[in-house]
Amino acid sequence: MQLKMKVVSFCHYLQGPACTQYLADMGAEVVKIEPLAGAFERHWSGGNSWINGVSAFLMSANRNTESLAIDLKQPEGRDLVLRLIDEADVVIENFRPGVLDRLGLGFDMLRERKPALVLASASGLGRTGPAASRPGQDLLMQARSGLIAATGGGTQGPAAVGAAVIDQHGGALLAMGILGACVRRLQTGEGTLVESSLFAAGIDLQTEALTKYYAVKQRPDVFTRDRHVGSWYHDAPYGVYPLAEGHLVLSMNDPAKLAAALDSDALRALQQIDRYAERDRYAQAVAAELRTRRFEDVSPVFDAHAIWHERVRSYDDLLEDPQARHNEAFREIDVPGGGTALLVNHPLRYDGELPGYRRMPFHAGQDSLAILQRLGLSEAECRALADAKVIGMPGATAPRS
Ligand SMILES: CC(C)(COP(=O)(O)OP(=O)(O)OC[C@H]1O[C@@H](n2cnc3c(N)ncnc32)[C@H](O)[C@@H]1OP(=O)(O)O)[C@@H](O)C(=O)NCCC(=O)NCCSC(=O)C(=O)O
């Protein structure tokens, strides 16, 4: 996939970079603009996950992009970035509202300067409105969007999803909107402002659950009762069940088939009950049948009875999953200094092919020289800018002349 698209990215943390990584994987030329000291994601990597001093957090979402370290608070830095934008198709940012305006790079000005630009903003809660200036972060929006309340419940309390699903979804949604805007531009010649937010993405992730909830909103107990099933809006047996070792999930399943597969008189006796109103009772009976069994024994029987089920896998199990291996879900890359990192591959295939791995901006400013030379600056000019601390170019990729 060789998308012909030039992107200037003012993206940091995860949501914005996730978006630009999707585009960069498709072949877009993405220049990541970052402060001389490097973007936040270079200095923080939760879980102490560093490889030779490079943050795994950074590597999770910046594949195939180039880094230009440049001080936007200096006029020369801002002017150089404007020259880059003049050659770009898309500008993406995920700062708090007002930050780009303060830097003299606001979207209204950019729209006037280049009407055909696709402008894209990934905010926390929206670019305007009463909460727009609040910090936007995955866990915060898991809480605000109701996702945490919908997970867990009862005596175990609410539970956050254990991965930054809203960031990733927000990034994917923004990439989708940008591509739509690019199609529109091809058709009309006009640019579009595309806006996503973590809050909107968190709500969007729960579209099915929310629609069902508001359809029958007389269920005040759904977020407070003890739930043996995984989801408040499904009939049992939908949910997670302990086994002799580990857990499995049962999806939508016919109770007659389940009773037959488990050869269970207890489940046969409950076949006619309302498995939504009495879902805890039914789920407890299923749990009693499963808690002494092993996945290896029960899975073939479930398969034979067309019972939809999967083992609850750990991240270690996932790596060994034969289908994940077949799909090439992961890819190992070399990290400077001798280590390797295992990255999640781009999730789509194009004509049967996964996009390739071209580069990783391991260091802030590692591509500054190459990017500015493409703009027509000489190496001497770049070095003078580096000496004046307008740009950073450690380990710059272009060779010294
Ligand atoms: C993530 C944030 C809360 C971080 O907030 P802050 O640390 O306060 O950063 P801000 O975005 O407000 O502002 C960035 C500041 O850096 C300055 N800045 C940025 N780049 C440059 C360069 N190149 N040169 C000079 N100065 C720069 C910019 O002018 C701002 O300074 P001043 O103008 O002087 O203030 C916020 O950016 C935000 O809400 N973003 C939108 C939602 C989002 O995408 N969040 C990340 C999700 S990832 C996630 O959830 C996760 O990782 O977990």
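Residues numbered from 1 in each chain as written. Predicted model: local features only at pLDDT ≥ 70, side-chain atom pairs only at ≥ 80, totals over all residues. Heavy atoms only, no water.

In the annotation of an unreviewed UniProt entry, the entry for the chain reads Formyl-coenzyme A transferase, and the organism field reads Variovorax paradoxus.

Looking only at helices and strands, the chain has 18 helices and 14 strands in total. Projected onto the principal axes, the alpha-carbon positions of the chain cover approximately 85 × 50 × 40 Å. Taken across its 401 residues, the chain has 46% of its residues classed as buried. The long-range fraction of contacts in the chain, counting pairs at least 24 apart against all pairs at least 6 apart in sequence, stands at 67%. Looking at the chain as shown, the accessible area adds up to about 19800 Å², and 54% of this sits on carbon and sulfur atoms. Here the chain contributes 42 positively and 49 negatively charged side chains, and the mean placements of these two sets differ by 3 Å. (Helix = DSSP H or I, 4+ residues; strand = E, 2+ residues; numbered from the N terminus. Buried < 20%, exposed > 50% of the residue type's maximum accessible area, 1.4 Å probe, protein only. Contact = heavy atoms within 4.5 Å. Areas by Shrake-Rupley, 256 points an atom, 1.4 Å probe, with all protein chains shown as cover. Lys, Arg positive; Asp, Glu negative; His and termini not counted. Charge placed at Lys NZ, Arg CZ, Asp CG, Glu CD.)

All right, on to the site of the ligand then. The environment of the ligand is made up of 26 residues, and the closest members are Gln15, Gly136, Gln137, Asp138 and Asp167. Measuring from an oxygen atom of the ligand, one finds a side-chain N or O atom of Lys73 at 2.9 Å. Between Arg102 and the ligand, the recorded distance is 3.1 Å, taken from a side-chain N or O atom to an oxygen atom. Alone, the ligand offers 1000 Å² of accessible surface; in the complex the protein occludes 79% of this. Those elements that provide at least two residues to the shell around the ligand are α4 (99–102) and β7 (118–123). Its residues assigned to classes, the shell around the ligand comprises 12 nonpolar, 7 polar and 7 charged. (Near = heavy atom within 4 Å. Polar contact = N/O pair within 3.5 Å; in protein donor to acceptor, adjacent residues only side chain to side chain. Nonpolar A, V, L, I, M, F, W, Y, C, P; charged D, E, K, R; others polar.)

All right, on to a nonpolar patch on the surface then. Taken together, the side chains of Tyr13, Phe40 and Trp44 define a hydrophobic patch exposed on the protein surface, amounting to about 290 Å² of accessible area. You can see Phe40 is positioned in the loop between β2 (29–34) and β3 (50–51). Taking the relative accessible area as the measure of exposure, Phe40 reaches 31% and is therefore partly exposed. (Patch = residues over 30% accessible without salt bridge, like charges linked within 9 Å, V, L, I, M, F, W, Y side chains within 5 Å. Salt bridge = Lys/Arg side-chain N within 4 Å of Asp/Glu carboxyl O.)

On to the nonpolar core. One finds Phe10, Ile33, Ile85, Val91, Leu105 and Leu372 to be the most contacted residues of the largest nonpolar core, which totals 33 residues. Secondary-structure elements contributing two or more residues to this core are β1 (6–10), β2, β5 (66–70), α3 (75–86), α4, α5 (107–113), α17 (368–374) and α18 (379–387). If you tally residues by element for this core, the top one is α3, at 5 residues. Setting aside chain neighbours within four positions, we find Val91 in contact with Val8, Phe10, Ile85, Phe107, Leu110, Leu117, Val118, Leu119 and Ala120. One finds Ala259, Ile273, Ala287 and Phe295 within the second-largest nonpolar core, a separate group that totals 22 residues. (Core = buried A, V, L, I, M, F, W, Y, C linked by side-chain atoms within 4.5 Å.)

Taking burial as the measure, the 6 residues of β2 include 5 buried ones, the bulk of the element. Of the strand pairs in this sheet, β1 and β2 are connected by 4 bridges, and their pairing is parallel. Residue Ser9 lies in a different strand from β2, and its bridge partner there is Lys32. The parallel pair β1 and β2 is bridged by helix α1 (residues 15–25), and the resulting crossover is right-handed. (Pairing = 2+ DSSP bridges. Right-handed = clockwise from strand over helix to strand, strands pointing away.)

Below, the discussion takes up α1. Taken across its 11 residues, α1 has 11 buried, putting it largely inside the fold. Of all the residues in α1, the buried ones are Gln15, Gly16, Pro17, Ala18, Cys19, Thr20, Gln21, Tyr22, Leu23, Ala24 and Asp25. Remark: Gly27 follows α1 within two positions and exhibits a positive phi of approximately 115 degrees.

All right, on to the sheet that holds strand β6 (residues 90–93) then. As summarised here, the arrangement of the 7 strands in space is β8-β7-β6-β1-β2-β5-β14, forming an open sheet in which the pairing is mixed. In the strand order of this sheet, the two ends are held by β8 (193–197) and β14 (391–392), each with one partner. Relative to β7, β6 runs parallel, the two sharing 4 bridges. Paired with Ile92 across the two strands is Ala120, which belongs to β7.

Tallied over the full model, the rule gives 4 aromatic pairs. A centroid spacing of 3.9 Å and a plane angle of 10 degrees characterise the contact between Tyr13 and Phe40, whose relative ring orientation is stacked. With Tyr13 in the loop between β1 and α1 and Phe40 in the loop between β2 and β3, the pair connects residues that are 27 residues apart, well separated along the chain. Tyr13 sits in the partly exposed class, given a relative accessible area of 36%. Ring plane angle 75 degrees and centroid distance 5.5 Å describe the contact between Tyr213 and Tyr214, whose orientation is recorded as edge-to-face. A cation over an aromatic ring shows up here: Arg275 above the ring of Tyr282, its NZ or CZ 5.7 Å from the ring centre. A cation sits over an aromatic face here: Arg279 above Tyr276, 4.0 Å from the ring centre. (Phe/Tyr/Trp six-rings, centres within 6.5 Å; stacked < 30°, edge-to-face > 60°. Lys NZ or Arg CZ within 6 Å of the ring centre and 35° of its normal.)

A few words on the pattern of salt bridges. One pass over the structure, following the stated rule, counts 20 salt bridges. When the shortest N-O distance is used, the salt bridge between Arg42 and Glu34 registers 2.7 Å. Note on accessibility: Arg42 and Glu34 belong to one class, buried. One salt-bridge network, in which partners are shared between bridges, spans Glu29, Glu66 and Arg374.

Looking now at the side chain of Thr65. With respect to the secondary-structure elements, Thr65 resides in the loop between α2 (56–59) and β5. Thr65 sits in the buried class, given a relative accessible area of 1%. At 2.7 Å, the side chain of Thr65 and the backbone oxygen of Asn62 are in polar contact. The residues touching Thr65, leaving out its near neighbours within four places in the chain, are Thr20, Ala24, Val30, Arg359, Pro361 and Asp367.

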